[in-house]
Amino acid sequence: MGQGKSQFSEDELQDYQDLTYFTKKEVLYAHQKFKSLAPEKVGHNKNAKLPMSKILQYPELSVNPFGQRICKIFSSSQDGDCTFEDFLDMMSVFSQTAPKSVKAEHAFRIFDFDGDDMLGVSDLKQVILKLTGENKLNESEMSWLIQNILEEADLDDDGALSFAEFEHVIDRSSDFLRAKAKSLKLVAKASFDQILFFMFHFLYPLS
């Protein structure tokens, strides 16, 4: 395992393996990725915390419209700055081996912009704005799309999506989520199943 080159003891690697969906080899690979973001800092301190601006230089995050939200959700200090353990947790959750239920839980937190444990109209609007980028929708298109989402997924008609409702739609849409997206322009005329695909398309895998 190249112990002479590793900054971690065998016990530390075992702990990381036990707490993530990674093998020891994958933990070391993740650390290599983390270290590449700031070798002058991480090379001298395995516990170094990197600012969000550095974390966002990770290729998969740099092109991700939810990059800042992802950093803030996984940041132990909740400001977007990440230690290696924060980064490893992020990589693990969005890896191929993490259960879909774990991905769904973290996706829900990422889309819950106001932190009220519900995906309300304001949250859905911000999600759609992130997904459409430069292809902005006008107010009527935005209102129609949010109404369509709630009609399809808001099972108790309270005007917002609980995690249970969000997870239900993900389970229902599992086949669709494996499809390949062709264009973000589809969002303007999308059903909620399509919106879900675009959400998850940007969230995993990161590794």
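For clarity, every value in this text was computed on a predicted model and none was experimentally measured.

Novice: Break down the overall build of the protein chain for me, with residues and values.
Specialist: The secondary structure content of the protein chain amounts to 13 helices and zero strands. Put simply, the protein chain has 207 residues, and 45% of those count as buried. In the protein chain, the share of contacts with a sequence separation of at least 24, taken over all contacts with a separation of at least 6, comes to 53%. Per element, the accessible surface of the protein chain, about 10,700 Å² overall, is 49% carbon and sulfur.

Novice: I'd like a description of the state of the cysteines, backed by residues and values.
Specialist: Taken as a whole and assessed by the stated rule, the structure comprises zero disulfides. In this model Cys82 remains outside any disulfide bridge; the closest cysteine sulfur is found in Cys71, 5.1 Å from its own. Judged by its relative accessible area of 0%, Cys82 falls in the buried class.

Novice: Account for the pattern of salt bridges, with residues named and values stated.
Specialist: Taken as a whole and assessed by the stated rule, the structure comprises three salt bridges. For the salt bridge of Glu12 with Lys46, the shortest nitrogen-to-oxygen distance reads 2.9 Å. Taken as a pair, Glu12 in helix H1 (residues 10–19) and Lys46 in the loop between helix H3 (39–42) and helix H4 (52–55) lie far apart in primary sequence, 34 residues in all. Residue Lys125 pairs with Glu139 through a salt bridge whose shortest N-O separation is 3.9 Å. Note that Lys125 is positioned in helix H9 (residues 121–132) and Glu139 in helix H10 (residues 139–153), a separation of 14 residues in sequence. Owing to a relative accessible area of 55%, Glu139 belongs among the exposed residues under this scheme.

Novice: Describe the confidence of the model for the protein chain, with residues and values.
Specialist: Detailed reading of the predicted coordinates is not advisable wherever pLDDT falls low. The predicted model of the protein chain has a mean per-residue pLDDT of 84, with 80% of residues at 70 or higher. For the protein chain, per-element mean pLDDT is lowest for helix H12 (residues 174–177), which scores 48, and highest for H4, which scores 97. This model gives residues 175–189 a pLDDT under 50, and the stretch forms 24 contacts once residues within four places in sequence are excluded.

Novice: Outline the packing of H9 against H10, supporting the account with residue identities and numerical values.
Specialist: Contact geometry for H9 and H10: axes closest at 10 Å, N-to-C directions at 115°. H9 and H10 meet at a crossing whose hand is right-handed. In this structure, H9 uses Val121, Leu124, Lys125, Ile128 and Leu129 to contact H10, whose residues at the interface are Glu139, Met142, Leu145, Ile146, Ile149 and Leu150. Looking at the contact of H9 with H10 residue by residue, the classes come out as nine nonpolar, no polar and two charged.

Novice: Which residues make up the environment of Glu10, and what values do they have?
Specialist: Relative to the helices and strands, Glu10 is located in helix H1. On the accessibility criterion, Glu10 (35% relative accessible area) is partly exposed. In the structure, Glu10 is positioned 14 residues away from Lys24 in sequence and 8.8 Å away in space, judged by C-alpha atoms. Of note is the side chain of Glu10, whose polar atom sits 3.3 Å from the side chain of Lys24.

Novice: Describe the nonpolar core, with residues and values.
Specialist: In this structure, Ile55, Phe66, Ile70, Phe84, Phe87, Met90 and Phe111 are the most contacted members of the largest nonpolar core, which totals 53 residues. Not counting residues up to four positions away in its chain, the partners in contact with Phe87 are Ala30, Lys33, Phe34, Leu37, Ile55, Tyr58 and Cys82.

Novice: Help me get a handle on helix H6 (residues 67–74), residues and values and all.
Specialist: Of all eight residues that make up H6, six are buried, and the element is covered over most of its length. Buried residues in H6 make contact with H4, helix H5 (59–62), helix H7 (84–93) and helix H8 (100–111).

Novice: Now, about the side chain of Thr132: what can you tell me, with residues and values included?
Specialist: Relative to the assigned elements, Thr132 resides in helix H9. Judged by relative accessible area, Thr132 falls into the buried class, the value being 4%. Only 3.4 Å separates the side chain of Thr132 from the backbone oxygen of Leu129, close enough to count as a polar contact.

Novice: Outline unusual backbone geometry, supporting the account with residue identities and numerical values.
Specialist: One non-glycine residue, Gln78, lies in the positive phi region at around 65°. The residue Gln78 is located in the loop between H6 and H7 in this model. Here Gln78 falls in the exposed class, since its relative accessible area comes to 66%. At Asp157, a residue that is not glycine, the phi angle is positive and equals roughly 55°. As for its position among the elements, Asp157 is in the loop between H10 and helix H11 (163–172).

Each value, and the rule that gives it
- Residues numbered from 1 in each chain as written.
- Predicted model: local features only at pLDDT ≥ 70, side-chain atom pairs only at ≥ 80, totals over all residues.
- Heavy atoms only, no water.
- Helix = DSSP H or I, 4+ residues; strand = E, 2+ residues; numbered from the N terminus.
- Buried < 20%, exposed > 50% of the residue type's maximum accessible area, 1.4 Å probe, protein only.
- Contact = heavy atoms within 4.5 Å.
- Areas by Shrake-Rupley, 256 points an atom, 1.4 Å probe, with all protein chains shown as cover.
- Disulfide = S-S within 2.5 Å.
- Salt bridge = Lys/Arg side-chain N within 4 Å of Asp/Glu carboxyl O.
- pLDDT = per-residue confidence, 0-100.
- Axes fitted to C-alpha atoms, helices over the stretch in contact; angles between N-to-C directions.
- Left-handed = near helix turned anticlockwise from the far one by under 90°.
- Nonpolar A, V, L, I, M, F, W, Y, C, P; charged D, E, K, R; others polar.
- Polar contact = N/O pair within 3.5 Å; in protein donor to acceptor, adjacent residues only side chain to side chain.
- Core = buried A, V, L, I, M, F, W, Y, C linked by side-chain atoms within 4.5 Å.

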